[in-house]
Structure formats: C-alpha cells, structure tokens
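Observations on the three-dimensional arrangement
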Amino acid sequence: MRKTALITGATSGIGEACARKFAQGGYDVIITGRNKQRLAALKIELETGETKVLALAFDVRNRAAATKAIKSLPAEWAKIDVLINNAGLALGLEPEYEGDFEDWDTMIDTNIKGLLTMTRLIVPKMVERNSGHIINIGSVAGDAAYAGGNVYCATKAAVKTITDGLRIDVAHTAVRVTNVKPGLVETHFSNVRFHGDDKRANSVYHGIKPLTGTDIADVAYYAASAPAHVQIAEVLVLATHQGSGSVIHRD
Ligand code: NDP
Ligand code: 8X3
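About the thresholds
Residues numbered from 1 in each chain as written. Chains lettered and ligands numbered in written order. Predicted model: local features only at pLDDT ≥ 70, side-chain atom pairs only at ≥ 80, totals over all residues. Heavy atoms only, no water. UniProt positions renumbered as here; feature names shortened; annotations may be inferred. pLDDT = per-residue confidence, 0-100. 1 Å grid on protein atoms, 1.4 Å probe; cavity = no way out; pocket = protein on both sides within 12 Å on 5 of 7 lines; lining within 4 Å. Points joined across faces, edges and corners; volume = space filled by probe spheres on them. Helix = DSSP H or I, 4+ residues; strand = E, 2+ residues; numbered from the N terminus. Nonpolar A, V, L, I, M, F, W, Y, C, P; charged D, E, K, R; others polar. Near = heavy atom within 4 Å. Polar contact = N/O pair within 3.5 Å; in protein donor to acceptor, adjacent residues only side chain to side chain. Areas by Shrake-Rupley, 256 points an atom, 1.4 Å probe, with all protein chains shown as cover. Pairing = 2+ DSSP bridges. Axes fitted to C-alpha atoms, helices over the stretch in contact; angles between N-to-C directions. Contact = heavy atoms within 4.5 Å. Buried < 20%, exposed > 50% of the residue type's maximum accessible area, 1.4 Å probe, protein only.

Going by an unreviewed UniProt entry, the protein chain carries the name NADP-dependent L-serine/L-allo-threonine dehydrogenase ydfG and comes from Prevotella histicola F0411. The UniProt entry for the protein chain carries the following comment under Sequence similarities (unreviewed entry): "Belongs to the short-chain dehydrogenases/reductases (SDR) family."

Per-residue confidence for the protein chain averages 98 on the pLDDT scale, and 100% of its residues sit at or above 70. For this predicted complex, the interface confidence score (ipTM) comes to 0.99, while the overall pTM stands at 0.99.

The computed volume of the second largest pocket comes to approximately 280 Å³. For the lining of the second largest pocket, the secondary-structure elements that each account for two or more residues are α3 (63–71) and α4 (101–129). Among the elements that make up the lining of the second largest pocket, the one with the highest residue count is α4 (nine residues). For the lining of the second largest pocket, a count of residues per class yields eight nonpolar, one polar and six charged.

Within the structure, ligand 1 sits among 30 residues, and Thr11, Ser12, Arg34, Tyr152 and Thr187 are positioned closest to it. One nitrogen or oxygen atom from the side chain of arginine 61 is found 3.4 Å from a nitrogen atom belonging to ligand 1. Contact distances for ligand 1 include 2.7 Å between an oxygen atom and a side-chain N or O atom of tyrosine 152. Alone, ligand 1 offers 870 Å² of accessible surface; in the complex the protein occludes 93% of this. For the shell around ligand 1, the secondary structure elements donating two or more residues are α1 (13–24), α5 (150–169) and α6 (189–193). Looking at side-chain class alone, the shell around ligand 1 contains 12 nonpolar, 14 polar and four charged residues.

For ligand 2, the full set of nearby residues is Ser139, Ala141, Tyr146, Tyr152, Gly183, Phe189 and Arg193. Between an oxygen atom of ligand 2 and a side-chain N or O atom of serine 139, the distance comes to 2.5 Å. Contact between ligand 2 and tyrosine 146: an oxygen atom at 2.5 Å from a side-chain N or O atom of the residue. Notes on ligand 2: free accessible area 240 Å², of which the protein chains cover 86%. Broken down by class, the residue content of the shell around ligand 2 amounts to four nonpolar, two polar and one charged.

So, about the sheet that holds strand β5 (residues 133–137). A sheet is described by the order of its strands in space; here seven strands give the open sequence β3-β2-β1-β4-β5-β6-β7, paired in parallel fashion. Looking at which strands have only one partner, the edges of the open sheet turn out to be β3 (53–57) and β7 (234–237). If you compare each strand with its neighbour and ignore which way they point, the axes differ by 15 degrees on average. Across the sheet, helix α2 (residues 36–46) lies against β2 (27–33) and β3, angled at about 175 degrees from β3, the strand it touches most. Each of β5, β6 (176–182) and β7 is contacted by α5, which is oriented at about 160 degrees to β6, the strand it contacts most.

In this section: unusual backbone geometry. Notably, asparagine 130 is not glycine yet its phi reads approximately 65 degrees, a positive angle. Its place among the elements puts asparagine 130 in the loop between α4 and β5. A relative accessible area of 41% places asparagine 130 in the partly exposed class. Not every positive phi belongs to a glycine, and histidine 195 is a case in point at roughly 50 degrees. Here histidine 195 shows up in the loop between α6 and α7 (198–203).

This is the structure:
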C-alpha cells in the first residue's frame, strides 16, 4: 500500500527537495506552503506515473487555516504516514539588544508555534493507528547560539526540546520522531533572513561548498526508510568545511 508524506514549506529549499525525494521514493505527497504558484508548479512536476500530489496553501501561523486544511482532508489523504515539519525561517542577524520585535514574532510563530500546530493536528491519528513518523527540521543553530543568531537559535533549540518531548510522549507506540539538524544549506534561507538583500545572502555561501536541499532530503528519507524498530532520533548534518554553527572554513 502506498504511503503519504505531508511536507510543510514545500515551495522552496529543503521542503521542496523532500517533496521530490519522497515522491521519487514511492510516496504520495501533500505539499504545503503559502505560495500557491510554486505549489501548483511542483504538483505538476511531481504528478507522474502513480504519484498523487495534494497541494494545500496555508500559513502555518494561522491555526484556524491549518486546522481547516487538515480536518477537511479527503478520505484518501487522511492517513498521513510521515509529517515533515520543515516550514521555517530566520529573520535578521542583529545583536539581541537591537533585534526587531516583528521579526522575533514571525520566527517564534512559524518555527515553534506553527510546528506545534501541525504536530497537534496530525500526530493523534498516528498514535491511534500505532504508526507514523514525524521529522522535524531543526538546525545546528539549536545546539549553540552564534553571533546575531539569538532568537532564531532559540527557536531551533525549542524544536530540539519539542522533538525530544514528543519522542518521549509516543514511546509507548510505534510512532517514530526524528530531529534533522542541518548546517549551511544553500536555499532561499539567507535571502529571506536578509529581507531580499541577495548580495549579502550569497556571501553566506562564499568560499565553502554548502549543503543542498537534496542532501537534507536524503537524510530525512533515510530516517523514514529505516526498519520499523530503528528510530533515528537526531542527525546533525554539516558541510564538510563547517566545524560547528559558528566555525566555517572558507577558501
Ligand atoms: P527556504 O526559504 O528556501 O524555504 C522555507 C520554506 O518555509 C518555504 O517553502 C516557505 O514557503 C515555508 N514557510 C515559511 N514561512 C511559512 C509560513 N508562515 N507558513 C507556511 N510555510 C512557510 O529555506 P530552507 O529550505 O532553508 O528552510 C527550511 C527549514 O530548514 C527551515 O525550518 C529552516 O530554519 C531550516 N534550516 C535551514 C538551513 C539552511 O541553512 N538553509 C539550516 C538549518 C535549518 P512559503 O513562502 O510558500 O510559505
Ligand atoms: C540555519 C543554519 O547556521 O544559518 O539554521 O543558522 S544557520
């Protein structure tokens, strides 16, 4: 029987790569995000052969919209085998004492509260069925703060704790919980962080070969494909010349 993966933030970067990887691996995929055009284009791209794709446009910060989207899933889409909580962002790199209130709210509402909303909406049926897998996209930024990372790092530290908490809470079931913690991945992440300053965004990846969304999708897929008794609890994935969240060797 075919399995279904729901991926938040599938319109770009790591989420888009996860949608491709899981579709190629034989999953039907529910792709979500705010950008309707990107969702429609990805649906057309992935809907080949047997693969079925459902595109749901909503903002994970909008709890009512997320609830409506999940509660009104057509019966054939209601069984979600893998939830990839990927939607997220960093905004700004200012010292904490100069940070922007609105940027802080957006990061906290998306990276923490959005992830929690999706988890609360989807995991109860996994527990009821005694099967399922939640893959949260955390970050090396959650392991230790770096200069200017303050609130973003805190959201990813929260993802680690929330993921660990869920793993404990479902330990009596066959549901598995994974935290994938990437380092530098070249996506739209830095363009978003620097509010569209593409020159500054590109400089983040200068002199180092960064990871790609596909590298992270491969890890998520590996975790989902492990034998049922194997729970990949946490994976830290760095570019080869990245020593830690703040140590990057550049040519
Ligand atoms: P991208 O900016 O390329 O993609 C981010 C995705 O998140 C988009 O699909 C976007 O979709 C979605 N998203 C953002 N806000 C919302 C929202 N409010 N509601 C719904 N969807 C939203 O960045 P990445 O692929 O790099 O980021 C994906 C995840 O990986 C994030 O959680 C990020 O923190 C994490 N990460 C990234 C790293 C990196 O170096 N790139 C390293 C470590 C972790 P849309 O705009 O359509 O809503
Ligand atoms: C994204 C990686 O190092 O830019 O979480 O924070 S980093």
